[in-house]
Amino acid sequence: MGDKALRYLEVLQAKHPGLAPCVGQLADRYQRKLWHQLTVALEDCLALPDLRQEGVLLPFYHSFVATFAHKLNPLRLAQLAVTVAQQGFAEPPQPQEAVAFLEGVSAALAETKQPRLEQPTLFLRMHVAQYQLSAGNVDACKAAVSGAKDELDRLHDVDPSVSAVVHASRSLYYKHEKDFAEFYKSSLLYLAFISSDALPEPVRLSLAVDISLAALLGDNIYNFGELLLHPIIKVLDGSSYKWLAEMLAAFNHGDLHAYDALCERHASALNSQPALVAHERALREKITILCLMELIFNLPAEQRTIPLSEIATRTKLGGDGVEFLLMKTLSLKLIEGVIDQVDSTVQVSWVQPRVLTLEQAGGLKTRLDAWIGKVNKAASTLEEERLGALE
């Protein structure tokens, strides 16, 4: 083997005979300058245990991959570099070393002056942000993720892996900051670009728990249908967090009775979640608002003048509590309407649209069928009257 990269492969194979098939493939494709096929072979080889041994992976990158990195697709190269960082700096965790490595790869990419480097550069920067966060450099992480979404929105034909890492990095930062609403939004966007089934089960369960808690605790989150329809929630059913899925369903239906029963039945599990305990009053307020919205949503459009006494019964509130609830719901722009204090009613003209679960969609279909039946009956009556007038 003549050049430096091939000589390195010879040494690698001599030290690790188990890598012989992998080295043979790499040498063949390198010599034939089959860069795409070489990239595929690199991705396969990075999964081999022998290559992940301590002191092997990083020299492999620097002595082999880096020598022809400018020949590879920039995004695929960035993905390879991230895999090397994840495996090479994992045991023990070395976030600062990973940051230095990935920033070096990004700088080397920039020096090539290739076109369309925005996506691989953003991909690397988001992984750097994650390592910065794990190293405790929160300000550095914040600086990296703060403009990332806007940058992503300006790109065209974005690879899903780039979109996924932007939203994943933002969700990790917001989780650290305990910004439940932003974590919830970022996590749902992240899940839109990956298959949750491809995640390891412990990761899938952890994410399902975190995003469920964020939905309950996040400000201005009054729509749970999208989350309940997502496959990731199914992992809760077979775990010790099944109560959390039941809690989400209770909130989605605005079912105060179910909520109270769950609080009593799963008191120990709820008390083991400090965030839920700390926001107990806010949770009560949220489900009461959802109870009101569910009441309004299920009323026929022509019967949305609601006695305050009916709201009091459904929400378990007194008169003053009902008025405060209505004002709060109106101020959040979840409904539109007018309170008539003389007649003790509220006339609702609009309720915020939401994503429906299959059960709720079935109920809506029943109501639409009933409405269509009324329309057809009215049309038949008018037609009979018209024919009668002609006679």
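Here the structure is shown first, and the text comes after it.
Residues numbered from 1 in each chain as written. Predicted model: local features only at pLDDT ≥ 70, side-chain atom pairs only at ≥ 80, totals over all residues. Heavy atoms only, no water.

## Considerations on the pairing of strand β2 (residues 335–340)
Relative to strand β3 (residues 345–351), β2 runs antiparallel, the two sharing six bridges. If you follow D340 over to β3, its bridge partner there is T345. Taking the residues that link successive antiparallel strands as the turn, the β2-β3 hairpin has four residues, and the phi of S344 there is positive, at about 55 degrees. (Pairing = 2+ DSSP bridges. Helix = DSSP H or I, 4+ residues; strand = E, 2+ residues; numbered from the N terminus.)

## A look at the packing of helix α7 (residues 118–134) against helix α10 (residues 160–176)
Taken N-terminus to C-terminus, the directions of α7 and α10 make an angle of 25 degrees; their axes are 9 Å apart at the nearest point. Judged on the interaxial angle alone, α10 and α7 are roughly parallel. Between α7 and α10 lies a crossing whose hand is left-handed. In this structure, α7 contributes Q119, L122, F123, M126, H127, Q130 and L133 to the contact, and α10 contributes S161, V162, V165, V166, A168, S169, L172, Y173 and H176. Class assignment of the residues belonging to the contact of α7 with α10 gives a composition of ten nonpolar, six polar and no charged. (Axes fitted to C-alpha atoms, helices over the stretch in contact; angles between N-to-C directions. Parallel < 35°, antiparallel > 145°, perpendicular 65-115°, else oblique. Left-handed = near helix turned anticlockwise from the far one by under 90°. Contact = heavy atoms within 4.5 Å. Nonpolar A, V, L, I, M, F, W, Y, C, P; charged D, E, K, R; others polar.)

## Looking at the sheet that holds β3
Reading across the sheet, the three strands line up as β1-β3-β2 and stay open at both edges, with antiparallel pairing between neighbours. The open sheet has two edge strands with one neighbour each: β1 (305–307) and β2. Direction aside, the axes of adjacent strands within the sheet are offset by 30 degrees on average. Against the sheet, helix α19 (residues 280–297) engages β1, β2 and β3, with an angle of about 80 degrees to β3.

## Here we look at helix α2 (residues 20–31)
One turn of an α-helix holds 3.6 residues; hence residues three or four places apart share an orientation. In a regular helix each residue adds 1.5 Å, so twelve residues correspond to 16 Å; α2 covers 16 Å between its end C-alpha atoms and thus fits that length. Buried within α2 are the following residues: C22, V23, L26, A27 and Y30. Looking straight down α2, one finds that the buried residues subtend no more than 130 degrees of arc, so they occupy a single side. Those residues of α2 that are buried lie in contact with α1 (4–15), α3 (35–45) and α4 (57–63). In the segment just after α2, K33 is the residue with positive phi, at about 55 degrees. (Expected span 1.5 Å × (residues − 1). Buried < 20%, exposed > 50% of the residue type's maximum accessible area, 1.4 Å probe, protein only. Arc of directions from axis to C-beta.)

## Topic: the environment of V235
Turning to its location among the elements, V235 is positioned in helix α14 (residues 234–237). When its relative accessible area of 14% is taken as the criterion, V235 is described as buried. Expressed as a C-alpha distance, the spacing of V235 and D197, which sit 38 residues apart in the sequence, is 9.8 Å. When near neighbours in sequence (up to four residues on either side) are disregarded, V235 contacts E201, R204, L205 and A208.

Function cannot be inferred from these measures alone, as they are strictly geometric.
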